[in-house]
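Examination of the molecular architecture
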Amino acid sequence: MWFKNLRVYQFTQDFQLPDDFQSLLNERSFKPCSSTEPASLGWTSPIRDSDEYALVHQGAVLLCLRKEEKVMPASAVKSELEQRKEAYELEHARPMPRKEQQALKEDIVHNLLPRALSRYSVTWGMIDIKNQRVLVDTSSATRAEEFTAQLRSCLGSLPVRPWGPEYPATHCLTEWVREGAAAAPFELGQDAELKSSKEEGMVVRLRRHDLMVPEVTQHLEHDKHVTELGLEWPNRFSFLLSDDYAIKRIKFADMVLEQRDQDNTADAAEQLDADFALMFGEFAELLDVLGTALTLEPK
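Residues numbered from 1 in each chain as written. Predicted model: local features only at pLDDT ≥ 70, side-chain atom pairs only at ≥ 80, totals over all residues. Heavy atoms only, no water.

Stated formally: UniProt positions are given in the numbering used here, feature names are shortened, and annotations may be inferred rather than shown by experiment.
Looking at an unreviewed UniProt entry, the chain carries the name Recombination-associated protein RdgC, with the source organism given as Aliidiomarina taiwanensis. Taken verbatim from the UniProt record of the chain, the Subcellular location (unreviewed entry) comment is "Cytoplasm, Nucleoid". Note on the chain: under the UniProt heading Sequence similarities (unreviewed entry), the record states "Belongs to the RdgC family."

Below is the structure:
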């Protein structure tokens, strides 16, 4: 359950958890796909063998969204479509119209669905009521929006915007690399992605690389900008920060994990509650400190 990525949203209006929140989640709980459904999405309990669809702990709520997708190999659909098109051309002595091809393709997919295998995935997220944020454990903007859309459908409305300044973080990240130091308390890591400002420009990805070498400086001098940067908060975290303020590849420091080991928990439910409390507190402080550090506006 420990989050490895963060897509963060900030509430634009004061948010309080409704009294019937558990019931609202239950109404949209996960149900397996029927034989003709291509996908199914719904809430599942964070705690195994529990009827509670949200784990609430001191101003924060842990949620788990489950998804089932029917795996439909594109090659199988294409093969069937080509056979049908050939038969049509032989019978009518002309190519099948594009509109009919699209309708036929949809019919083929519908017929193959009952035999398709299922792929399952879960997306974890939390609502930080105290700090008025929604945190989703994914690096994908699409999956994060899928999570918030499902939450919005439960609540009726979800007035949020992506967390972070209005301007991209590119300028700030580039200046940190150029100066050889990130804003305190953060330190530069060894990973970065640099992109040319020109359309369809060059992309340079550095992994486990010294960012202080002249080679990196030369890239910046040749009109490249840092779009992802590895950062470290000593004894707390290491992570990769993107120019759209996504936080990826989160790793907790040993000092934080030792706190987890010191918790005396009796069962899996208690362990989940303790883990959630520790993670929620660490993320709340990380976002506060990171938000203060990201104050270098582009000229």
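After presenting the structure, the write-up continues.
**Concerning the side chain of H57**
The condition that has to hold: A helix here means a DSSP run of H or I that spans at least four residues, while a strand means a run of E at least two residues long, and both kinds are numbered starting from the N terminus. Accessibility here uses a 1.4 Å probe with only protein chains present; expressed as a share of the type maximum, an area under 20% marks a residue as buried, one over 50% as exposed, and anything in between as partly exposed. Two residues form a contact once any of their heavy atoms are found within 4.5 Å.
Mapped onto the secondary structure, H57 falls in strand β3 (residues 55-57). Overall, the relative accessible area of 18% leaves H57 in the buried class. Ignoring any residue separated from it by four or fewer positions in sequence, one finds H57 in contact with D273, F276 and A277.

**Examining unusual backbone geometry**
In this model, A184 is joined to P185 through a cis peptide bond whose omega is 5 degrees. Within the secondary structure, P185 is located in the loop between α5 (170-179) and β8 (187-196). Located in the positive-phi region is Q132, a residue other than glycine, with phi close to 60 degrees. On the secondary structure map, Q132 appears in the loop between β5 (117-128) and β6 (133-136).

**Thoughts on the pattern of salt bridges**
The condition that has to hold: Think of a salt bridge as a Lys or Arg side-chain nitrogen and an Asp or Glu carboxyl oxygen that are within 4 Å of each other.
According to the stated counting rule, one finds 15 salt bridges in the structure shown. E82 is the partner of K85 in a salt bridge, and the nearest nitrogen-oxygen pair spans 3.6 Å. Taken together, the residues span about one helical turn, with K85 and E82 both in helix α2 (residues 74-92) at a distance of three residues. The exposure class assigned to K85 is buried, which follows from its relative accessible area of 16%. Here E82 falls in the partly exposed class, since its relative accessible area comes to 33%. Two residues, E175 and R178, come together in a salt bridge whose shortest N-O distance is 3.3 Å. Of this pair, E175 and R178 both sit in helix α5, three residues apart, which is roughly one turn of the helix. The buried category is assigned to E175, whose relative accessible area is 17%.

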